Amino acid sequence: MKKQVLFGLIGGILLFVWQFLSHAALDFHSDFHKYTEKQDTITSFVESLQLEEGSYMMPMYPPNMSNEEIQKYMEAKKGKPWIIMQYHKNWDMGMAMPMFRGFVIDIIVVLMLFYILKQVRDITTKQAILISTFIGFMGFLSISYLNFIWYETPDIMACMMDGIIPWALLGWVGKKYV
């Protein structure tokens with residue numbers, strides 16, 4: 001139990017530090033949140049529309065259209081600009097609670113990895129690294145890459161690094177605790 005808790009904390013810190021490096025210090029995901037000098041104009045215009053908070057994809061066909069109408073609508077939009085937008089009415093960048101929640105999730109994920117690695121009898125360092133990396137890469141493929149296929153998310157390479165590098169490190173560290 002002591003090894004499990006220790007690995008949970010050390011691995012949680014490792015993941016947390018990687019996420020900080022990836023999303024802030026080294027900002028590998030900068031393509032996902034680009035600056036435009038037109039942001040105030042865009043924000044003011046969107047605010048004037050009085051939309052509900054939420055995610056919007058444009059163009060999007062209106063609800064209750066028949067399949068034939070949807071096909072016609074989508075054909076008319078082909079080759080034109082499109083947008084994916086997250087709209088929130090209030091800017092609140094309080095960091096304490098999101099960071100705390102992220103760290104707790106990191107610890108839980110590492111404890112789950114500990115359980116998986118523990119199932120392999122006489123696990124080698126190579127096996128621990130490969131199993132852990134496969135888990136991270138599976139997460140990347142089934143979440144980030146599938147989103148990229150449909151929505152062309154610009155930070156796909158950063159997401160791939162997030163799915164490989166810290167997970168390989170977790171496998172290496174994990175071998176010492178299982």
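Residues numbered from 1 in each chain as written. Predicted model: local features only at pLDDT ≥ 70, side-chain atom pairs only at ≥ 80, totals over all residues. Heavy atoms only, no water.

S.K.: Residues and numbers for the nonpolar core, please.
M.R.: Core analysis: the biggest nonpolar cluster contains 13 residues, and F7, V110, L113, L117, L170, V173 and Y177 have the highest contact counts within it. For this core, the secondary structure elements donating two or more residues are helix 1 (2–25), helix 4 (96–118) and helix 6 (156–175). Here this core gets four residues from one element, more than from any other, and that element is helix 4. Contacts of Y177, omitting those with residues within four sequence positions, involve K3, L6, F7, I10 and F114. (Core = buried A, V, L, I, M, F, W, Y, C linked by side-chain atoms within 4.5 Å. Buried < 20%, exposed > 50% of the residue type's maximum accessible area, 1.4 Å probe, protein only. Helix = DSSP H or I, 4+ residues; strand = E, 2+ residues; numbered from the N terminus. Contact = heavy atoms within 4.5 Å.)

S.K.: I'd love a proper account of a nonpolar patch on the surface, names of residues and values included.
M.R.: On the surface, M57, M60, Y61, M74, W82, I84, L141, Y145, L146, I149, W150 and Y151 cluster together into a nonpolar patch covering about 1100 Å² of accessible area. Take the nonpolar patch: its biggest share by element is six residues, from helix 5 (residues 125–151). Within the secondary structure, I84 sits in strand 2 (residues 83–87). (Patch = residues over 30% accessible without salt bridge, like charges linked within 9 Å, V, L, I, M, F, W, Y side chains within 5 Å. Areas by Shrake-Rupley, 256 points an atom, 1.4 Å probe, with all protein chains shown as cover. Salt bridge = Lys/Arg side-chain N within 4 Å of Asp/Glu carboxyl O.)

S.K.: Before we move on, can you summarise unusual backbone geometry with the specific residues and values?
M.R.: Working note: non-glycine residues mostly have negative phi, and peptide bonds are mostly trans. Cis geometry marks the peptide bond from M58 to P59, where omega comes out at 5°. Mapped onto the secondary structure, P59 falls in the loop between strand 1 (54–58) and helix 3 (67–77). In this model, D122 sits at a positive phi of 50°, which is unusual for a non-glycine residue. Tracing the backbone shows D122 in the loop between helix 4 and helix 5. With relative accessibility at 71%, the residue D122 sits in the exposed group.

S.K.: Explain the layout of surface pockets residue by residue, including any values.
M.R.: In this structure, the largest pocket spans a volume of roughly 1600 Å³. Lining the largest pocket we find 31 residues, and of these F32, I83, I84, M85 and Q86 sit closest to its centre. Within the residue set of the lining of the largest pocket, elements represented by two or more residues are helix 2 (39–48), strand 1 and strand 2. Taken together, the residues that form the lining of the largest pocket break down as 18 nonpolar, eight polar and five charged. Estimated volume of the second largest pocket: approximately 780 Å³. Taken together, 29 residues form the lining of the second largest pocket, with W18, Q19, H23, D106 and D162 sitting closest to its centre. Residue assignment for the lining of the second largest pocket shows that the elements contributing at least two residues are helix 1, helix 4, helix 5 and helix 6. For the lining of the second largest pocket, the residue count by class is 16 nonpolar, 10 polar and three charged. (1 Å grid on protein atoms, 1.4 Å probe; cavity = no way out; pocket = protein on both sides within 12 Å on 5 of 7 lines; lining within 4 Å. Points joined across faces, edges and corners; volume = space filled by probe spheres on them. Nonpolar A, V, L, I, M, F, W, Y, C, P; charged D, E, K, R; others polar.)

S.K.: How would you summarise the environment of I123 if you had to cite specific residues and measurements?
M.R.: You can see I123 is positioned in the loop between helix 4 and helix 5. I123 sits in the buried class, given a relative accessible area of 9%. Along the backbone, I123 and I135 are 12 residues apart, and their C-alpha atoms lie at a distance of 16 Å.

S.K.: Quick rundown of the packing of helix 4 against helix 5? Include the residues and the values.
M.R.: Where helix 4 contacts helix 5, the two axes come as close as 11 Å, and the packing angle between them is 135°. Looking at the two axes, helix 4 sits oblique to helix 5. In this structure, the crossing between helix 4 and helix 5 has a hand that is right-handed. Residues L113, I116 and L117 of helix 4 form the contact with helix 5, whose own contacting residues are A128, I131, S132 and I135. The residue inventory of the contact of helix 4 with helix 5, partitioned by class, reads six nonpolar, one polar and no charged. (Axes fitted to C-alpha atoms, helices over the stretch in contact; angles between N-to-C directions. Parallel < 35°, antiparallel > 145°, perpendicular 65-115°, else oblique. Left-handed = near helix turned anticlockwise from the far one by under 90°.)

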